[in-house]
Amino acid sequence: MLRSVFLAAAGSSQLERLVQSAPVAKNIVRRFVAGSRAGDALGVTRELADDGLSISLDYLGEDTLTAEQARATRDEYLTLLRRLHDAGLTPAAEVSVKLSALGQKVDDTVAYEYAQEICAAAAEAGTTVTLDAEDHTTTDSTLEILAELRKAYPATGAVLQAYLRRTEGDCRELATPGSRVRLCKGAYAEPESVAYQSMLDVDKSYVRCLNILMSGEGYPMVATHDPRLIAIAEDRARWFDRSADEYEFQMLYGVRPEEQARLAAGGNTVRVYVPYGDQWYGYLMRRLAERPANVAFFGRALTSRK
Ligand SMILES: Cc1cc2nc3c(=O)[nH]c(=O)nc-3n(C[C@H](O)[C@H](O)[C@H](O)COP(=O)(O)OP(=O)(O)OC[C@H]3O[C@@H](n4cnc5c(N)ncnc54)[C@H](O)[C@@H]3O)c2cc1C
């Protein structure tokens, strides 16, 4: 119930204006977002890298409807990649890109061209790009663009969402040599026709997808904070004889940092997804939708007046 309220709120521009301008918003956002500028993101990246963690940086923004904003997003990524390289933070840090922020919903050819430029800049900086997964209306277009990008940049990462009924099939298609695939549960409000609705069904799908990726020939990126799924991933890695450099765990910045440290101390590659920028509203609402404790945190911040 709460989940659908927050996911509906994620799409409300009126509520967005209200929350973005609330003075307390900063307190809440600081927990999940590295800051508003690339410099802030670089600072957090340095700290995480010093702690032995890998990073994927996301410049916040989605559903871009103007050519100007799409260009500005591309430019931000190009500058970010140069700065990561100059700071010696590649290959520890890569970038995550939402194609909708590059104008996919207006013109997917332009989004593809911009993504290609970002992949070229990443290759030049000695690192990679992962294409985030968004709502199901974009999945076909995103996977088509991924396939094109991989012709020149084979290390470009895919993201598959276990809640989608189609995803087992996509896992089979993508479990090929060198194929980096992030498996997550999925963060959008999706209809029953395309997505499992109960947490149990989503978890069962996650395990089936994990089995396909772990037994396949690609590079699985296990993106979850769920202790049971993490334990199952560790078990499957042993079962399929994967060494620590043949898969990785991924978690969000600000979520279960002690578990990130524990996994890294155990010799695993752990990549932290670090968002930055001013367009944090949709991202924050999805985090609140995921976990009641985050809502309590939101409530405390709203009443603390700091
Ligand atoms: C690196 C990364 C990248 C992602 N990229 C995408 C993407 O491109 N597209 C997309 O749709 N979604 C993406 N997601 C979000 C994802 O789809 C889920 O919405 C999100 O990860 C929550 O699901 P979960 O697997 O962590 O488990 P949940 O079902 O949220 O939680 C399961 C259990 O994990 C534990 N847990 C969760 N959070 C906490 C916490 N804060 N503290 C303590 N325990 C906790 C609890 O035991 C909880 O019961 C990404 C997630 C990660 C980690």
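Residues numbered from 1 in each chain as written. Predicted model: local features only at pLDDT ≥ 70, side-chain atom pairs only at ≥ 80, totals over all residues. Heavy atoms only, no water.

Remarks on the nonpolar core
If you look at the biggest cluster of nonpolar residues, it comprises 65 residues, and the most contacted ones within it are Leu 57, Leu 80, Leu 84, Val 95, Ile 118 and Val 274. Broken down by element, the residue count for this core peaks at 8 residues, all from helix α6 (residues 108-125). Residues contacting Val 95, with those up to four places away along its chain left out, are Ser 56, Leu 57, Tyr 77, Leu 80, Leu 81, Leu 84, Ile 118, Thr 128, Val 129 and Thr 130. Judged by nonpolar contacts, the second largest core, of 18 residues, contains Ile 28, Val 29, Phe 32 and Val 255. (Core = buried A, V, L, I, M, F, W, Y, C linked by side-chain atoms within 4.5 Å. Buried < 20%, exposed > 50% of the residue type's maximum accessible area, 1.4 Å probe, protein only. Helix = DSSP H or I, 4+ residues; strand = E, 2+ residues; numbered from the N terminus. Contact = heavy atoms within 4.5 Å.)

Focus on unusual backbone geometry
Between Thr 90 and the following residue, Pro 91, the backbone shows a cis peptide bond with an omega angle of 5 degrees. Among the secondary structure elements, Pro 91 is positioned in the loop between α5 (67-86) and β2 (93-97). The phi angle at Asp 63 is positive, at roughly 50 degrees, despite the residue not being glycine. With respect to the secondary-structure elements, Asp 63 resides in the loop between β1 (54-59) and α5. Phi is positive for Asp 241, close to 60 degrees, though the residue is something other than glycine. Relative to the elements of secondary structure, Asp 241 occurs in the loop between α10 (227-239) and β7 (248-252). Here Asp 241 falls in the exposed class, since its relative accessible area comes to 67%.

Section: the pairing of strand β6 (residues 219-223)
Judged by how many residues are buried, β6 sits mostly within the fold: 5 of 5 residues are covered. Where burial is concerned, the two faces of β6 agree: the one with Tyr 219, Met 221 and Ala 223 and the one with Pro 220 and Val 222 are both buried. Where strand β5 (residues 180-184) meets β6, 4 bridges bridge the pair, whose relative direction is parallel. Of the residues in β6, the one forming a bridge with Val 181 is Pro 220. (Pairing = 2+ DSSP bridges.)

A few points about the pairing of β1
Among the 6 residues that make up β1, 5 are buried, leaving the element largely enclosed by the rest of the structure. Here 6 bridges tie β1 to strand β8 (residues 270-276), and the two strands are oriented parallel to one another. The residue bridging Ile 55 from the neighbouring strand is Val 272, located in β8. Bridge count between β1 and β2: 4 bridges; the pairing is parallel. For Ser 56, the partnering residue across the bridge sits in β2 and is Glu 94.

Some thoughts on the environment of Glu 192
Assignment of secondary structure puts Glu 192 in the loop between β5 and α9 (199-215). Residues Glu 192 and Arg 165, spaced 27 residues apart in sequence, show a C-alpha to C-alpha distance of 9.2 Å.

Coordinates in, geometry out; function isn't part of it.
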